[in-house]
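An overview of the molecular structure
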Amino acid sequence: MLFRSPVWLAYHAALVGHGAITILDHGSCEPACLATLQQAEQLGVRVLRLDPAVVPLAAKGEQVAAVIRSLTPAPRLVVPLDADEFIALRQPDGTYTCAPQALAAWARQLPPGCAFHSIERLNNCPWDPHTFWPLPADRSPKLCFTTTAVTGLDLGFHRCDQPSPPHPSPWVLFHLHNKPHHLLRDHTLRKLLPRLEQPTSACLEAYNGPGHHLLPGLMQGERRWLQQLRRQPSRYTFAFAQRLAELQLPLPFATQQARLRALLHPPAP
């Protein structure tokens, strides 16, 4: 699902241009999302609309791989992303950059015909735009490609059959996974309910298939969810917020941050 504001689109169009972006939409029906898609097409973005009744969500990887194979002329680099993921680089000193010049220089030096996995994925802190939580090392990295001959791509763009094996590369993703709690619950239910044998709470609690990592945010109340997030090891960087400011783009969900800080630290009686 696209953000209600076109932040994702503007961020990546500033790197590669609107004409180099293809969006696969999986049955969006919200007016704000449809308006964003229409605006994207007017700017030159290719929008492919998939019917959920014909193409289930579980087939997303196969559909994305098919689109990659169809790209002509073949681009120098293909980076499949979800609409809450923003590409960046980790520099040799451990800091991060979203600078277009740095990303372009990185892309130019990648050898052709290969797959490259990200070295880090960083989930956002919902009450502080400069704090991110790196996912554990055992969580699957994302893939990008310097070829269009991609097969066997999985649902989350973590693994593929070809090209293989993927090589490490210093690209990272700022992942705005931690949305306002009501949106997180809504998006989780949309993803998981079609995968359940029956749409019941018991089946949901027992679910252990793809996407089960989303369940803690769904099953907990908002304050407990925030408290558990706060316990994770964090990284601090201005890179993402600074890049959005340079592009005169709003920070997604920024209006929620003061309320969430107050929820975590209620005033003394």
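The following paragraphs examine the structure supplied in this document. (Residues numbered from 1 in each chain as written. Predicted model: local features only at pLDDT ≥ 70, side-chain atom pairs only at ≥ 80, totals over all residues. Heavy atoms only, no water.)

All right, on to the packing of helix α8 (residues 222-230) against helix α10 (residues 257-264) then. Running from amino to carboxyl end, α8 crosses α10 at an angle of 85°, the nearest separation of the two axes being 10 Å. In this view, α8 runs roughly perpendicular relative to α10, as classed from their interaxial angle. Across the interface between the two elements, Glu222, Arg223, Leu226, Gln227 and Arg230 of α8 pack against Arg259, Leu260, Leu263 and Leu264 of α10. When the residues that make up the contact of α8 with α10 are grouped by side-chain class, the tally is four nonpolar, one polar and four charged. (Axes fitted to C-alpha atoms, helices over the stretch in contact; angles between N-to-C directions. Helix = DSSP H or I, 4+ residues; strand = E, 2+ residues; numbered from the N terminus. Parallel < 35°, antiparallel > 145°, perpendicular 65-115°, else oblique. Contact = heavy atoms within 4.5 Å. Nonpolar A, V, L, I, M, F, W, Y, C, P; charged D, E, K, R; others polar.)

So, on to the packing of aromatic side chains. Scanning the entire structure with this criterion turns up ten aromatic pairs. Ring geometry for Phe86 versus Phe240: centroids 5.0 Å apart, planes at 65°, classification edge-to-face. Placement of Phe86 in strand β3 (residues 85-90) and of Phe240 in helix α9 (residues 239-246) is noted, with a sequence separation of 154 residues between them. Here Phe86 and Phe240 have matching classes, each one buried. One aromatic cluster is present, formed by Tyr11, Phe86, Tyr96, Phe132, Phe174 and Phe240 through successive ring pairs. (Phe/Tyr/Trp six-rings, centres within 6.5 Å; stacked < 30°, edge-to-face > 60°. Buried < 20%, exposed > 50% of the residue type's maximum accessible area, 1.4 Å probe, protein only.)

Here we take up the pairing of strand β2 (residues 46-50). Sheet topology note: the strand β1 (residues 22-26)/β2 ladder contains five bridges and is parallel. Bridge pairing links Ile23 to Val47 in β2. Of the crossover connections in this fold, the one passing from β1 over helix α2 (residues 31-42) to the parallel β2 is right-handed. (Pairing = 2+ DSSP bridges. Right-handed = clockwise from strand over helix to strand, strands pointing away.)

On inspection of all chains with the given rule, the structure shows one cavity of 30 Å³ or more. Volume-wise, the largest cavity comes out at about 110 Å³. Lining the largest cavity are 13 residues, with Asn124, Pro129, Leu176, Pro252 and Gln257 positioned closest to its centre. Looking at the lining of the largest cavity, the elements that each hand over two or more residues are β6 (120-125) and β7 (128-134). Here the lining of the largest cavity takes three residues from β7, the largest share from any one element. Partitioned by chemical class, the residues of the lining of the largest cavity number nine nonpolar, three polar and one charged. (1 Å grid on protein atoms, 1.4 Å probe; cavity = no way out; pocket = protein on both sides within 12 Å on 5 of 7 lines; lining within 4 Å. Points joined across faces, edges and corners; volume = space filled by probe spheres on them.)

Right, let's talk about unusual backbone geometry for a bit. Of note, the amide linkage connecting Gln162 to Pro163 takes the cis form, showing an omega dihedral of -5°. Positionally, Pro163 belongs in the loop between β8 (143-145) and β9 (167-168). Residue Pro165 is reached from Ser164 by a cis peptide bond, and omega for that bond is -5°. Position of Pro165 among the secondary structure elements: in the loop between β8 and β9. Phi is positive for Gln248, which is not a glycine, with a value near 55°. The phi dihedral of Phe253 falls on the positive side, at around 70°, and the residue is not glycine.

This next bit is on the sheet that holds β8. The strand order β8-β5-β9 describes an open sheet built from three strands, whose pairing is mixed. Looking at the sheet topology across the chains shown, the edges are occupied by β8 and β9. Two elements, strand β5 (residues 115-117) and β9, share two bridges in a ladder whose sense is parallel. If you follow Phe116 over to β9, its bridge partner there is His167.

The buried fraction of β6 is high, at six of six residues. Sheet topology note: the β6/β7 ladder contains four bridges and is antiparallel. From the neighbouring strand, Cys125 faces β7, where its bridge partner is Asp128.

A few words now on the pattern of salt bridges. What the rule picks out here adds up to ten salt bridges. Note that Lys142 is salt-bridged to Asp82, the shortest N-O span being 3.3 Å. Of the two residues, Lys142 is situated in the loop between β7 and β8 and Asp82 in the loop between α3 (60-70) and β3; the sequence distance between them amounts to 60 residues. Notably, a salt bridge pairs Lys142 with Glu85, separated by 2.9 Å at the nearest N-O pair. Note that Lys142 is positioned in the loop between β7 and β8 and Glu85 in strand β3, a separation of 57 residues in sequence. Overlapping salt bridges bring together Lys60, Asp82, Glu85 and Lys142 as one network. (Salt bridge = Lys/Arg side-chain N within 4 Å of Asp/Glu carboxyl O.)

Shape is all these values report; function is a separate question.
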